[in-house]
Amino acid sequence: MKIETFQMERMQSTWENLVDYDMSESGVRPLTLRELAAMGFDLESFLDVPLGYSQSNGTIELRERIAEMYPGATTEHVEVTNGTSEANYLIALSQVRAGDVVAMQVPNYMQMWGVARSLGADVKTFRLCSESAWEPDWDEFERAVTPKTRLLYLSNPNNPTGSVLSEAAMRRIADRCQETGTWLLSDEVYLGAEITAPRTTSFWGMGDRVIVTSGLSKAYGIPGVRIGWIAGGKELVADCWSQHDYITIGPNKMSDRIAQVAVEPKNRERCYSRTGEILRHNLPIAQEWSRSFRDRLTWTAPTAGAIALVKYESDTPSLAIAERVRLNQNTLIVPGTHVGIEGHLRIWLGGREDYLREGLRRIATELKGLLD
Ligand SMILES: Cc1ncc(COP(=O)(O)O)c(C=O)c1O
């Protein structure tokens with residue numbers, strides 16, 4: 001199968017461990033195993049657990065805990081995966097065929113763009129509009145989601161805008177998917193990473209064809225354990241499990257055990273509040289930084305997620321700017337073109353204060369020369 005380069009991930013994989021300041025991240029600074037041990041992960045007793053294969057669709061204990069987050073779901077409605085990215089991939093592999101139409105919101109995490117096209121689908125996009133607080137362009141939405149559309153992919157809260165769909169927008173999207181018989185895949189990996197917004201409502205339960213993916217990487221702050229999941233109808237989940245057999249078989253045994261601890265309701269809330277505190281501390285620092293550019297750099301402040309999408313006033317392509325910031329400042333940022341929106345840059349908000357300040361200072365040094 002031929003697949004085009006996933007530009008953002010490839011750039012991050014190439015540079016994130018080599019630069020001085022990685023400001024291309026999108027989660028909060030991660031938890032340690034020690035912090036997870038304080039939440040109840042029993043490392044000592046895990047030392048005696050034989051490292052055999054784990055249950056390939058996730059242990060019953062973990063699936064039970066995940067199912068509790070989705071009213072009406074049972075363990076058969078849940079598949080545990082290696083990250084949210086594998087969850088999205090399994091859904092595409094099991095549902096999308098050559099010639100299908102796949103709709104997706106842009107800007108976005110562009111995984112589905114590449115995966116759906118590699119499967120021979122025609123990907124139709126609809127924009128989130130900065131002029132209207134990132135509300136979808138409804139004309140484009142209606143053109144993208146028709147009875148021919150097999151699957152709609154969106155991220156809510158959205159990467160990279162940090163915006164959350166209103167209840168009315170969610171209802172409109174869910175109703176349209178119901179009418180057109182389209183799978184509505186809502187990637188909710190940022191749910192729980194709200195900064196100023198109330199807790200995001202899940203699409204779960206808003207229609208027969210709703211599928212939710214999520215995982216520990218963003219709102220929980222534990223990307224390194226690589227645990228994600230699918231919540232969906234039993235048949236769809238069974239189809240995804242069949243695909244899983246061919247790819248990675250199943251998740252890592254220690255990660256499954258860690259995830260059982262992380263998703264316990266009291267620990268989940270602890271992780272979410274840690275994330276919220278980090279972001280509420282950092283947001284004003286980034287706001288002050290963006291004001292120093294006056295009208296040369298503008299943004300709609302994110303309401304959720306550890307990312308800020310800034311718009312700059314220059315004709316220079318975002319990739320050229322990101323390259324200059326990397327080469328001259330040894331600092332990595334995401335060019336808008338890698339998340340489906342030119343004229344913008346995505347900057348990480350989830351680090352320690354001194355890291356954030358120095359990362360922003362370096363970005364500003366480069367941008368000021370360019371935007372003045
Ligand atoms: C919306 C979205 N979904 C999925 C992923 C990948 O998540 P994971 O690390 O859980 O595979 C990302 C990573 O940035 C993301 O932004």
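Residues numbered from 1 in each chain as written. Predicted model: local features only at pLDDT ≥ 70, side-chain atom pairs only at ≥ 80, totals over all residues. Heavy atoms only, no water.

### Structural notes on the overall build of the protein
Along its length, the protein carries 13 helices and 14 strands. By its C-alpha atoms, the protein is 55 × 55 × 40 Å across when sized along the principal axes. When burial is assessed residue by residue, the protein has 58% of its 372 residues classed as buried. A separation of at least 24 residues holds for 74% of the contacts in the protein among residues at least 6 apart in sequence. Taken as two groups, the 40 positive and 49 negative side-chain charges of the protein have centres that lie 2 Å from each other. (Helix = DSSP H or I, 4+ residues; strand = E, 2+ residues; numbered from the N terminus. Buried < 20%, exposed > 50% of the residue type's maximum accessible area, 1.4 Å probe, protein only. Contact = heavy atoms within 4.5 Å. Lys, Arg positive; Asp, Glu negative; His and termini not counted. Charge placed at Lys NZ, Arg CZ, Asp CG, Glu CD.)

### Topic: the site of the ligand
In the vicinity of the ligand there are 14 residues, among which T84, S85, N159, D187 and S217 approach most closely. At a separation of 2.6 Å, an oxygen atom of the ligand approaches a polar side-chain atom of S85. S217 places a polar side-chain atom, nitrogen or oxygen, 2.8 Å from an oxygen atom of the ligand. If the ligand stood free it would expose 400 Å²; the protein chains cover 95% of that surface. Cavity membership is defined here by more than half of the atoms lying within 2 Å of grid points; on that basis the ligand lies in the largest pocket. Contributions of two or more residues to the shell around the ligand are made by helix 5 (83–95) and strand 6 (149–155). (Near = heavy atom within 4 Å. Polar contact = N/O pair within 3.5 Å; in protein donor to acceptor, adjacent residues only side chain to side chain. Areas by Shrake-Rupley, 256 points an atom, 1.4 Å probe, with all protein chains shown as cover. 1 Å grid on protein atoms, 1.4 Å probe; cavity = no way out; pocket = protein on both sides within 12 Å on 5 of 7 lines; lining within 4 Å. Sits in = over half its atoms within 2 Å of the grid points.)

### Here's the deal with the pairing of strand 11 (residues 307–312)
Among the six residues in strand 11, five count as buried, and that is most of the element. With three bridges joining them, strand 10 (residues 297–299) and strand 11 adopt antiparallel strand pairing. Pairing of L297 across the sheet is with Y312, part of strand 11. Across five bridges, strand 11 lies against strand 14 (residues 344–348) in antiparallel orientation. Residue pairing for strand 14: L309 is matched across the bridge by R346. (Pairing = 2+ DSSP bridges.)

### Focus: the layout of surface pockets
For the largest pocket, the calculated volume is near 930 Å³. Taken together, 41 residues line the largest pocket, and the ones lying closest to its centre are F6, M8, E9, Q12 and Y109. Elements supplying a minimum of two residues to the lining of the largest pocket: helix 1 (7–15), helix 5, helix 6 (111–118), strand 6 and strand 14. A total of five residues in the lining of the largest pocket trace back to one element, the largest contributor, which is helix 1. (Points joined across faces, edges and corners; volume = space filled by probe spheres on them.)

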